[in-house]
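# Survey of secondary and tertiary structure
Given next are the chains, with one letter for each unit.
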Amino acid sequence: MAVPKRKTSQARKGKRRANWRLTAPDPNKCPHCGGPRLPHRVCRECGYYGEREVMVVES
Amino acid sequence: MRHNVSGRKLNRTTAHRKMLYRNLVTSLIKHERIQTTVPKAKEARSVAEKLITYAKRGDLHARRIAARKITEPAVLAKLFEEIGPRYAERPGGYTRILRMGPRKGDNAEMAILELVDGTARPTVKDSLKRKRARKIMVAEEKAEAKAALIEEAEERAEAAADAEAPEADADAAAEDQDETETDKDDAGA
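The structure reproduced in this document is the subject of the present report. The structure displayed is predicted, hence computed values, not measured ones.

### With respect to the overall build of chain B
Across its full length, chain B holds 6 helices and 4 strands. When the helices and strands of chain B are listed from N to C terminus, the series reads α-β-α-α-α-β-β-β-α-α. Taking all 189 residues of chain B together, 30% fall into the buried category. Of the accessible surface of chain B, which amounts to about 12700 Å², a share of 51% is contributed by carbon and sulfur atoms.

### A word on the pairing of strand E2 (residues 95-102) of chain B
All names here are of chain B. Examined bridge by bridge, E2 and strand E3 (residues 109-115) share 7 bridges and lie antiparallel to one another. Counted as the bridge partner of Ile97 is Leu113 from E3. Hairpin geometry of E2 and E3 is characterised by an intervening segment of 6 residues between the two adjacent antiparallel strands and by a positive phi of about 110 degrees at Gly105.

### Notes on the packing of helix H2 (residues 38-57) of chain B against helix H3 (residues 60-67) of chain B
Residues and elements named next belong to chain B. It is at 8 Å that the axes of H2 and H3 come closest, and there the two elements cross at 155 degrees. Regarding the angle of H2 to H3, the classification is roughly antiparallel. For the element pair H2 and H3, the recorded crossing hand is left-handed. Of the residues in H3, those in contact with Leu51, Tyr54 and Arg57 of H2 are His61, Ala62, Ile65 and Ala66. Split into classes, the residues belonging to the contact of H2 with H3 amount to 5 nonpolar, 1 polar and 1 charged.

### A look at the nonpolar core
Ranked by size, the top nonpolar core spans 29 residues in total, and within it Ile29, Ile70 and Leu79 of chain B carry the most contacts. Those elements that place two or more of their residues in this core are helix H1 (14-31), H2, H3, helix H4 (73-86) and E3 of chain B. A per-element tally of this core places H2 of chain B first, with 8 residues. Sequence-distant contacts of Leu79 of chain B, that is, excluding residues within four places in its chain, are made with Ile29, Leu51, Ile52, Ala55, Ala66, Ile70 and Gly84 of chain B. Core analysis: the next-biggest nonpolar cluster, separate from the first, contains 5 residues, Val42 of chain A together with Met100, Met110 and Ile112 of chain B among them.

### Some thoughts on the sheet that holds E2 of chain B
Residue and element names in this part refer to chain B. Taken in spatial order, the 3 strands make up an open sheet running E1-E3-E2, and their pairing is antiparallel. Across the chains shown, the open sheet's two edge strands, defined by having one partner strand only, are strand E1 (33-37) and E2. Averaged over all neighbouring strand pairs, the angle between strand axes comes to 25 degrees, with direction disregarded. Judged from the 5 bridges that link them, E1 and E3 form a sheet pairing that is antiparallel.

### With respect to the environment of Leu28 of chain B
Within the secondary structure layout, Leu28 of chain B lies in helix H1. Residues in contact with Leu28 of chain B, not counting those within four places in the same chain, are Arg33, Ile34, Ala48, Thr95, Leu113, Glu114 and Leu115 of chain B.

### Overview of the packing of aromatic side chains
Aromatic ring pairs: the centre-centre distance and the angle between the two ring planes describe each pair. Residues and elements named next belong to chain B. Taken as a whole and judged by the stated rule, the model has 1 aromatic pair over all chains. With 5.3 Å between their ring centres and 45 degrees between their planes, Tyr87 and Tyr94 make a pair best called tilted. The lysine or arginine in question, Arg63, covers the ring of Phe80, its NZ or CZ lying 5.1 Å from the ring centre.

Definitions and limits used
Residues numbered from 1 in each chain as written. Chains lettered and ligands numbered in written order. Predicted model: local features only at pLDDT ≥ 70, side-chain atom pairs only at ≥ 80, totals over all residues. Heavy atoms only, no water. Helix = DSSP H or I, 4+ residues; strand = E, 2+ residues; numbered from the N terminus. Buried < 20%, exposed > 50% of the residue type's maximum accessible area, 1.4 Å probe, protein only. Areas by Shrake-Rupley, 256 points an atom, 1.4 Å probe, with all protein chains shown as cover. Pairing = 2+ DSSP bridges. Axes fitted to C-alpha atoms, helices over the stretch in contact; angles between N-to-C directions. Parallel < 35°, antiparallel > 145°, perpendicular 65-115°, else oblique. Left-handed = near helix turned anticlockwise from the far one by under 90°. Contact = heavy atoms within 4.5 Å. Nonpolar A, V, L, I, M, F, W, Y, C, P; charged D, E, K, R; others polar. Core = buried A, V, L, I, M, F, W, Y, C linked by side-chain atoms within 4.5 Å. Phe/Tyr/Trp six-rings, centres within 6.5 Å; stacked < 30°, edge-to-face > 60°. Lys NZ or Arg CZ within 6 Å of the ring centre and 35° of its normal.

Function cannot be read off these values alone, since they describe shape.
So this is what it looks like as structure tokens:
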């Protein structure tokens, strides 16, 4: 069976992982309140999705 | 290859999953809007749409098929007498799913599943603080309703007693009323 000849060094491992990164969410502007809102989601700031949908309390 | 495999397992056994769909769909028809996770909403949608189509047919056989999925007789009646006629002109697509973003705790994407043209009021998104306050409010309302029921029953008993012996029961009735008031205070605290 094919098997690695060398143990992966710390440096090699670090170099491989150097490009792992998280992507930040990319919110749109809510058309109703102008706050950040993920696309195709009910707005968490004002509770609108087109017409009135969720009522957010304690703003 | 996963040919001809549809539906999600939702990490449940078959019986558990079926019961979950029945409960979700019954709640949806009862309240016209429910809040759940996106995968559950999508599965419940498929069951609910078929039920509404049965409701539009309206015959006894259709009603019996629908009764298999509805857990409350009153909700079955609502489905056939109210929901079915409402969608008589609509060729499918009776429900709508709105995504609400991930919930706290397990980060699961939540959704509102609602009947199109439904009468449901906007869902109230409660903070923890409000949730606790609401719990107390509901408990108080229940206690009041119970107290009112007791009072009503007492008045009826009083009226009946008065009819028989007009004078003798007046003192007893006054005592009963005092008791009801203390009950109410206990429940409210």
